[in-house]
Amino acid sequence: MLKLITPLMQIVDVPMRALQRLLGPRRLAWAFLAPNLILFGLFAFLPVLVNIAYALTGSDQILLRDRPFVGVRNFTDLSQCASYLDANSCKIDVFWRAVHNTAWFIVLQVGFMVGFSLLTALILNRKIVARGFFRAVFFFPVLLSPVVVALIWKWILQDQGALNAVLEHFGYPTVNWLLNPSWAFGWAVFLSCWAHMGFYTLILLAGLQAIPRDVYEAAQMDAASPWRVFHRITLPLLMPTMVVVLVLALIKGVQTFDEVYAFTGGGPGSATTLVIQYIYQTGFAGAPRLFGLASAASIMVALVLVVLTAVQLWITRRNANG
Amino acid sequence: MTQMRLILAGAATAALLAATSASAVELRFECAQDGNECDTMNAIFQKYTAAHPDVTVKMDLVPYKAILENLPVDLAAGTGPDLAKVTDLGGLHKYYLDLTPYVNKDYWEKSFGKTLDWYRAGAADPGIYGIQTQLTITGGFINKTLFDQAKIAVPGPGATWDDWAKATVAVAKATGAKYPMAMDRTGHRFAGMAMPYGATYFDDKGNPELSDPGFAAAAKQFVAWNQDGTMDKDVWAGSGGATYADASKEFINGDLVMYYSGSWQVQKFASQINTAFDWEVIPAPCGPAGAGHCSGMPGGSGVVGFKTTQHPKEVAALLDFLAQQDNYTTLEAKSLNIPAHTGVAAAGVTYEGATPEAAKALNAFSAQVPTLSPVAYAYQGYKNNRAMFNITVTRLTQAIVGELSMDDALARMADDLKQAVAAAN
């Protein structure tokens, strides 16, 4: 191996030395960083700038040069509401329905998912029968494509689906689960929890296993009750991991689109339309394509995500610093 | 001497290559099909290229979604094909190549009449932009076997939407069929119900509107039928936004008494229902507006050339070739479509490989072409009609599921339309 690498390094060495002479050792770092910076600029930074440019222009034209400058009109249109709690009082009511749905979705999905993930992690951390099997079972849905997850549950829950067939078999009345706004929303939350729970369970399980055993042994010697052990030892020591899980789940919750879109299409009505779906519909699936409005909405979502990411970074750094 | 020969040979080769590249024209044709329309068209184009070896046609067979979502972006970016099969006929007008300088205008006007308007910018635009290759008409299908089992007479010509609702509810009740009626989830199909109720879709000045009394009456009735179970609520309320949904599966399964869809379903029903039950096409249902308003909506797809092509003359010649009566007849006969060409329609089409039921259904739809309302033609030809279709679907669904009151839904439709028209202009 070394025989192969040495001549290669000798070939690279010549231009590197020349470059170092030309730029000096301090500036040489930029030469190494340049390819990555150029790619990052092209595919991450430039799209952000283009998105801002679209948000400040109107019409359904796709080329920026054909789009008239409208200032912050798209932002004012989106935020024009008599009451932010009543979507019907807003100029763009569907956007605010999507915002309300997303807020409820995050509260319920993150709450239930983190709660169940913790419960599952606690159980899987104990010496139970077939522990490896159950760990795999809980993680399996994470490996599935969101569209597959959505279709599986759609087939189960549709009017003539598996669940209604079971209810009918046992003589219970069937329910059109996806036609009732509350049921559809509830199932969307459930589906999302089911699909992602395994990932957070895994993180929490790692957090549980990092808690030193001697703390538990000391508690056992003091005859502490299981609840007291959980409340006074497990939970406080798991809290740094919990917070990371919580923030990650929040960010993921705001970004939810594919599985719910494939599951309900945002319906019935707009009962399960989330904010990312609103952006997609407004910019790409509607007629005319309101790129400006969609871009403005995406900037508003991005700001929320920036705040959440900043919180996550702050917590991670605080944990790292002890 | 040898050097001179080499120079001469090189010059001759270069001249030959230059001449070949100057005369060889490759036209890119983007097409999506749900039957065999693109293949049939391609075969006709190959016939053209056999007679004109300097022109070749390369067909890109793409999914329908690409025509709807990617093609407009490609055209805006100036990287579109030379010609394509499109369905947003008026919406893409700004990219169309005007064929007028290259074709016999009188022949096209006489042959394709009103459908030419669908590709134009407006009434003042005399240009010829596209050939309607697939004329579709919205209309109703019934499960005749269910009517026979229920011993209920099928409402005849002139029957109103209300008559159909009463009859289908009675049939469903008598036979245990799950749904009396269903309609595809699109504003285009809803227009087939709104026009008999007197919907005009345009005010006296020709401005689009979604709040005239006829439209409002139809909307209220439609919402009420969805809420009381006369219509299969799953189709409209089961989705969000303006997503398309249909009830063909329910009809094929025999769960549906009457299905309001369109002529493009004929091939599917003929092959998938087979002998499971008898089905037929019904005359266009009427409504409170009277006999002159019993009309479905025309629609379908057409082939257009684009301004950005480097070969406008060749594109126009190719489309003109397709528009000739014998080629057009071949296209319709093989792809089982209703002809938009008046000469072909008058001569009749012998559909190749169609079952007797399919042929009967296609002829029933063809017979409805002359009775289509002028409102239907105007609505189909309006460049922002897709925005109107989407607004109708989104807001009516919200009214069906109770997110908006009917009055709020109508008011929102008016606002949405104003915003959409402003953005599109």
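This section reports on the structure supplied with the text.

### Re the overall build of chain B
And step 1. A tally of helices and strands in chain B yields 18 helices and 8 strands.
And step 2. For a compact globule of 425 residues, the expected C-alpha radius of gyration is about 22 Å, and chain B comes in at 24 Å, within 12% of that figure.
And step 3. Along the first, second and third principal axes, the C-alpha atoms of chain B reach 100 × 50 × 35 Å.
And step 4. The buried share among the 425 residues of chain B stands at 55%.
And step 5. Long-range pairs, those at least 24 residues apart, make up 73% of the contacts in chain B between residues at least 6 apart in sequence.
And step 6. Just so you have it, chain B exposes about 17000 Å², and 55% of that area is on carbon and sulfur atoms.

### Observations concerning the packing of helix α8 (residues 213-228) of chain B against helix α18 (residues 406-424) of chain B
All names here are of chain B.
And step 1. Where α8 meets α18, the closest approach of the two axes is 11 Å, and the angle between their N-to-C directions is 130°. One finds that α8 runs oblique with respect to α18. Handedness of the crossing formed by α8 with α18: right-handed. For the pair formed by α8 and α18, the contact residues are F215, A216, A219, K220 and V223 on the first element and M406, D407, L410 and M413 on the second.

### Describing the pattern of salt bridges
And step 1. Under the definition given, this model contains 19 salt bridges over all chains.
And step 2. When the shortest N-O distance is used, the salt bridge between R97 of chain A and E403 of chain B registers 4.0 Å. Remark: E403 of chain B occurs in the loop between α17 (385-401) and α18 and R97 of chain A occurs in helix α3 (residues 93-124); the pair is interchain, linking two chains.
And step 3. Close ionic contact of D416 of chain B with R395 of chain B constitutes a salt bridge, the shortest N to O distance being 2.7 Å. On the criterion of sequence distance, the pair formed by D416 of chain B in helix α18 and R395 of chain B in helix α17 is long-range, its members being 21 residues apart. R395 of chain B carries the same exposure label as D416 of chain B, and that label is buried.
And step 4. Counted as one network, the salt bridges with shared partners bring together D93 and R97 of chain A together with R395, E403, R412 and D416 of chain B.

### Looking at the state of the cysteines
Residue and element names in this part refer to chain B.
And step 1. Overall, the coordinates contain 3 disulfides over all chains when judged by the stated rule.
And step 2. In this model C31 forms its disulfide with C38; the gap between the sulfur atoms is 1.9 Å. Its S-S torsion of about -85° marks the bond between C31 and C38 as left-handed, since a negative value means left-handed. C38 matches C31 in its accessibility class, with the two residues each being buried.
And step 3. Disulfide pairing is shown between C286 and C294; the S-S distance is 2.0 Å. Across the disulfide from C286 to C294, rotation about the S-S bond amounts to roughly 105°, and the bridge is consequently right-handed. In this pair, the class of C286 matches that of C294, namely buried.
And step 4. What links to what in chain B: the bonded cysteines, counted in sequence order, pair as 1-2, 3-4.

### Focus on the interface of chain B and chain A
And step 1. Facing the 33 residues of chain B at the interface are 38 residues of chain A.
And step 2. Carbon and sulfur atoms make up 44% of the area that chain B and chain A hide from each other, which totals about 2400 Å².
And step 3. Broken down residue by residue, the surface that chain B buries against chain A is led by E403, R412 and A423 of chain B, which jointly contribute 20%.
And step 4. Counting across the chain B and chain A interface gives 4 salt bridges.
And step 5. If you list the elements that add at least two residues to the side of chain B that touches chain A, you get α3 (64-76), α9 (233-237), α17 and α18 of chain B.
And step 6. Looking at the side of chain B that touches chain A element by element, the count peaks at 7 residues for α17 of chain B.

### Focus on α3 of chain B
Residue and element names in this part refer to chain B.
And step 1. Counted at 1.5 Å a residue, the expected span for α3 with its 13 residues is 18 Å, and the 18 Å between its end C-alpha atoms agrees.
And step 2. Its maximal kink placed at N70, α3 deviates by approximately 45°, while the proline P72 follows within four residues.
And step 3. Residues of α3 that are buried in the fold lie against β1 (25-31) and β3 (83-86).
And step 4. One or two residues past the end of α3 sits G78, with phi positive at roughly 75°.

### Observations regarding the environment of A364 of chain B
Residue and element names in this part refer to chain B.
And step 1. Tracing the backbone through its elements, the reader meets A364 in helix α15 (residues 356-368).
And step 2. For A364, a relative accessible area of 27% gives the class partly exposed.
And step 3. The spatial distance from the C-alpha of A364 to the C-alpha of H293 is 18 Å, given a sequence separation of 71 residues.

### Here's the deal with the packing of α8 of chain B against α17 of chain B
Helix packing for two helices is described by the angle between their axes and how far apart those axes are.
Residue and element names in this part refer to chain B.
And step 1. Following both chains from N to C, one finds α8 and α17 inclined at 50°, their axes separated by 9 Å at the closest point. If you check the angle between α8 and α17, you find them oblique. Between α8 and α17 the crossing geometry is right-handed. Between α8 and α17, the residues in contact are F215, A219, F222, V223, N226 and Q227 and T392, L396, A399 and I400, respectively.
And step 2. Counted by class, the contact of α8 with α17 contains 7 nonpolar, 3 polar and no charged residues.

### Re the packing of aromatic side chains
And step 1. With the rule as written, the count across this model stands at 48 aromatic pairs over all chains.
And step 2. With a centroid separation of 5.8 Å and an interplanar angle of 40°, the aromatic rings of W227 of chain A and F230 of chain A are classed as tilted. A residue pair is termed a helical-turn pair when its members lie 3 or 4 positions apart in one helix, as W227 of chain A and F230 of chain A do in helix α9 (residues 226-254) at 3 residues.
And step 3. Overall, W227 of chain A belongs to the exposed group, its relative accessible area being 58%.
And step 4. With a relative accessible area of 18%, F230 of chain A lands in the buried category.
And step 5. Summarising the aromatic geometry, the rings of Y96 of chain B and F306 of chain B are spaced 6.4 Å apart at their centres and angled 40° between planes, so their arrangement reads as tilted. Taken together, the positions of Y96 of chain B in the loop between β3 and α4 (105-112) and F306 of chain B in the loop between β8 (298-305) and α12 (312-323) put the pair 210 residues apart, joining distant regions of the chain. This pair shows no difference in class: Y96 of chain B is buried, exactly as F306 of chain B is.
And step 6. In this structure an aromatic cluster arises from ring pairing among F190, Y201, F202, F215, F222, W236, Y379, Y382 and F389 of chain B.

Here is what the cut-offs are and how they apply
Residues numbered from 1 in each chain as written. Chains lettered and ligands numbered in written order. Predicted model: local features only at pLDDT ≥ 70, side-chain atom pairs only at ≥ 80, totals over all residues. Heavy atoms only, no water. Helix = DSSP H or I, 4+ residues; strand = E, 2+ residues; numbered from the N terminus. Rg over C-alpha atoms; globule rule 2.2 N^0.38 Å. Buried < 20%, exposed > 50% of the residue type's maximum accessible area, 1.4 Å probe, protein only. Contact = heavy atoms within 4.5 Å. Areas by Shrake-Rupley, 256 points an atom, 1.4 Å probe, with all protein chains shown as cover. Axes fitted to C-alpha atoms, helices over the stretch in contact; angles between N-to-C directions. Parallel < 35°, antiparallel > 145°, perpendicular 65-115°, else oblique. Left-handed = near helix turned anticlockwise from the far one by under 90°. Salt bridge = Lys/Arg side-chain N within 4 Å of Asp/Glu carboxyl O. Disulfide = S-S within 2.5 Å. Buried area = accessible area lost by both parts, 1.4 Å probe. Expected span 1.5 Å × (residues − 1). Bend = angle between axes of the 7 residues up to and from the residue. Nonpolar A, V, L, I, M, F, W, Y, C, P; charged D, E, K, R; others polar. Phe/Tyr/Trp six-rings, centres within 6.5 Å; stacked < 30°, edge-to-face > 60°.

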